[in-house]
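In case you want the letters, here they are:
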Amino acid sequence: MRPPPGLRQYEWLIIAFFTYVAVIAPFFIPHGSRRWLPAVVAAFVCVVVLFLPRGNQHVRDWIPLVLTFTAFREMNWFTPSVRDYHLERSWIGWDRWLLDTAHLRAAIESLGPLIPSYLEICYLLVYVIALISSVILLTNHRRDQLNTFWLAFLAGTLSSYALFPYFPSDPPRVVFAGQDLPHIVTVFRRFNLAILGQYGIHSSVFPSAHVSAAFACAWALLITMPDRKIYGGLVALFAFSVATATIYGRYHFVADALAGFAISFLALAALSQRSKV
C-alpha cells in the first residue's frame, strides 16, 4: 500500500516531530517500559497522516488539532523522576523584579478583579486559539490559506514541545508554593488551576508553549490575511495578554514566556522557507 502523493508541508513537520520524539525518548524517559511508547505513537501518527484522512479533505484539514494535543500529552512521559530545581532558582529573580520591583502585580490589580479576570480568561482561551484562528480564516473565505496557517502554528508550537526534555522544570506556583502569587483570586483562576490539576503535564514549562502557540497564530494570520491585519493584530494582543497571564498567575516564569515568544518566530521562518519551495 503506497501513500498518495502530495503530502502537505505541515504533515511532513508532524511526521518529523513525532519521529524526533521517538528517537530521543530512550535518553530522557526515566521509566523503562515507557521509553518505547513514543515509537508506537510515531508509527500510529505516520499511518494517520499518510493514509487515513487522505480520502476526506475536510478531516485532513483538522488533523493538526488532534495531533497537537497528542504531542502535548506525549510530553508528560518525559517527566523526570528526580528534580533539583536549579533552573527554577536561577529564573525566579527576574520574576520577582518584574512583579514586585517593577510593580507589575500592583498595576494588574489596581482595578480590582477586572484585569486579573481578563488575563485568566485569555489563559483559558489559549487552548482553542488555533481553532478560533482557523475559523477566522474560513469565515473570511481563506480556506486556501489553511495549509499555510497550520504550518506556522505547528512550527511555533511543536518547537516548544521539542525543547521540553532538555529543560525539566516545574511552574513557579509549584516550586515556590505560596510565594509571589496573585492577591486577587477570581473564579477564572480557580477554573484554570482545576484544568491544570487534571490535565496539565509535568515535564517542563520552558519554553512556554502557551505563548509560542498564541503568537504563532498571530503571525500566521498576519501573513495569510495581509489585507485584514486587524485579525492578526487582535490575536497578537491576545498573545501578549497570555504571556502576561502566565507570569502574573505564576503558571510560567518570565524566562519561559520570553523563550516562548522567541520560539514563535519559527512560524515566520517556516513560512519563509515555504515561499522558496
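Residues numbered from 1 in each chain as written. Predicted model: local features only at pLDDT ≥ 70, side-chain atom pairs only at ≥ 80, totals over all residues. Heavy atoms only, no water.

(A) Molecular detail of the overall build of the protein chain. Secondary structure assignment for the protein chain yields 14 helices and 0 strands. Reading the protein chain from its N terminus to its C terminus gives the helix and strand order α-α-α-α-α-α-α-α-α-α-α-α-α-α. Each principal axis of the C-alpha distribution contributes one length, and for the protein chain these read about 60 × 50 × 30 Å. Relative to its 277 residues, the protein chain shows a buried fraction of 49%. Look at the contacts in the protein chain between residues 6 or more apart in sequence, and 85% of them connect residues 24 or more apart. Looking at the protein chain as shown, the accessible area adds up to about 13,100 Å², and 69% of this sits on carbon and sulfur atoms. (Helix = DSSP H or I, 4+ residues; strand = E, 2+ residues; numbered from the N terminus. Buried < 20%, exposed > 50% of the residue type's maximum accessible area, 1.4 Å probe, protein only. Contact = heavy atoms within 4.5 Å. Areas by Shrake-Rupley, 256 points an atom, 1.4 Å probe, with all protein chains shown as cover.)

(B) Representation of the side chain of Ser204. Looking at where Ser204 falls in the secondary structure, it is placed in the loop between helix 10 (187-199) and helix 11 (209-224). At a separation of 2.6 Å, a polar atom in the side chain of Ser204 contacts the main-chain carbonyl oxygen of Phe167. A distance of 3.4 Å separates polar atoms of two side chains, one belonging to Ser204 and the other to Ser169. Sequence-distant contacts of Ser204, that is, excluding residues within four places in its chain, are made with Phe164, Phe167, Pro168 and Ser169. (Polar contact = N/O pair within 3.5 Å; in protein donor to acceptor, adjacent residues only side chain to side chain.)

(C) Geometry of the side chain of Glu11. As for its position among the elements, Glu11 is in helix 1 (residues 9-28). Here Arg60 takes part through its side chain, which lies 2.7 Å from a polar atom of the side chain of Glu11.

(D) Expanded view of the packing of helix 4 (residues 86-101) against helix 13 (residues 254-264). Helix 13 packs onto helix 4 with a crossing angle of 95° between their chain directions and a minimal axis gap of 8 Å. In terms of orientation, helix 4 lies roughly perpendicular with respect to helix 13. Across the interface between the two elements, Trp91, Trp94, Asp95 and Leu98 of helix 4 pack against Val254, Ala255, Asp256 and Leu258 of helix 13. Tallied by class, the residues present in the contact of helix 4 with helix 13 amount to 6 nonpolar, no polar and 2 charged. (Axes fitted to C-alpha atoms, helices over the stretch in contact; angles between N-to-C directions. Parallel < 35°, antiparallel > 145°, perpendicular 65-115°, else oblique. Nonpolar A, V, L, I, M, F, W, Y, C, P; charged D, E, K, R; others polar.)

(E) Representation of unusual backbone geometry. The linkage connecting Phe206 with the following residue, Pro207, adopts the cis geometry, with an omega of -5°. In this fold, Pro207 is placed in the loop between helix 10 and helix 11. Unusually for a residue other than glycine, His141 sits at a positive phi of about 60°. Structurally, His141 is set in the loop between helix 7 (129-139) and helix 8 (146-163). The residue Arg250 is not glycine, and still its phi comes out positive at about 65°. Residue Arg250 is classed as buried on the basis of its relative accessible area of 1%.

(F) Fine view of the environment of Thr70. Tracing the backbone through its elements, the reader meets Thr70 in helix 3 (residues 57-74). Looking at Thr70, the relative accessible area reads 26%, which means it is partly exposed. The sequence separation of Thr70 and Val45 amounts to 25 residues, and the corresponding C-alpha distance is 9.4 Å. Not counting residues up to four positions away in its chain, the partners in contact with Thr70 are Phe18 and Val41.

(G) Just the layout of surface pockets, in detail. The calculated volume of the largest pocket comes to roughly 850 Å³. In this structure, the largest pocket is lined by 35 residues; those nearest its centre are Phe72, Val126, Tyr127, Tyr161 and His210. Residue assignment for the lining of the largest pocket shows that the elements contributing at least two residues are helix 3, helix 7, helix 8, helix 9 (172-175), helix 10 and helix 11. Split by residue class, the lining of the largest pocket holds 25 nonpolar, 8 polar and 2 charged. Residue lining of the second largest pocket: Leu98, Leu104, Val211, Phe215, Phe240, Ala243, Thr244, Ile247, Val254, Ala257, Leu258 and Phe261, and that is the complete set. (1 Å grid on protein atoms, 1.4 Å probe; cavity = no way out; pocket = protein on both sides within 12 Å on 5 of 7 lines; lining within 4 Å. Points joined across faces, edges and corners; volume = space filled by probe spheres on them.)

(H) Quick look at the nonpolar core. Membership of the largest hydrophobic core comes to 66 residues, with the highest contact counts inside it found for Ile14, Phe17, Phe18, Met75, Phe153 and Tyr161. Beyond its immediate chain neighbours, meaning those up to four positions away, Met75 contacts Phe17, Val21, Tyr161, Phe164, Pro165, Ile201 and Ser203. Within the second largest apolar cluster, 9 residues are counted, among which are Leu87, Ile92, Phe253 and Ala259. (Core = buried A, V, L, I, M, F, W, Y, C linked by side-chain atoms within 4.5 Å.)

(I) Region of the structure containing the packing of aromatic side chains. Counting across every chain of the model gives 19 aromatic pairs. Centre to centre, the rings of Phe17 and Phe18 are 5.3 Å apart; their planes meet at 85°, and the pair counts as edge-to-face. For the pair Phe17 and Phe18, one class covers both residues: buried. By the ring-pair criterion, three or more aromatic residues cluster together here, those being Trp91, Phe167, Phe176, Phe206 and Phe253. Cation over ring: Arg96 sits above Phe176, and NZ or CZ is 5.2 Å from the ring centre. (Phe/Tyr/Trp six-rings, centres within 6.5 Å; stacked < 30°, edge-to-face > 60°. Lys NZ or Arg CZ within 6 Å of the ring centre and 35° of its normal.)

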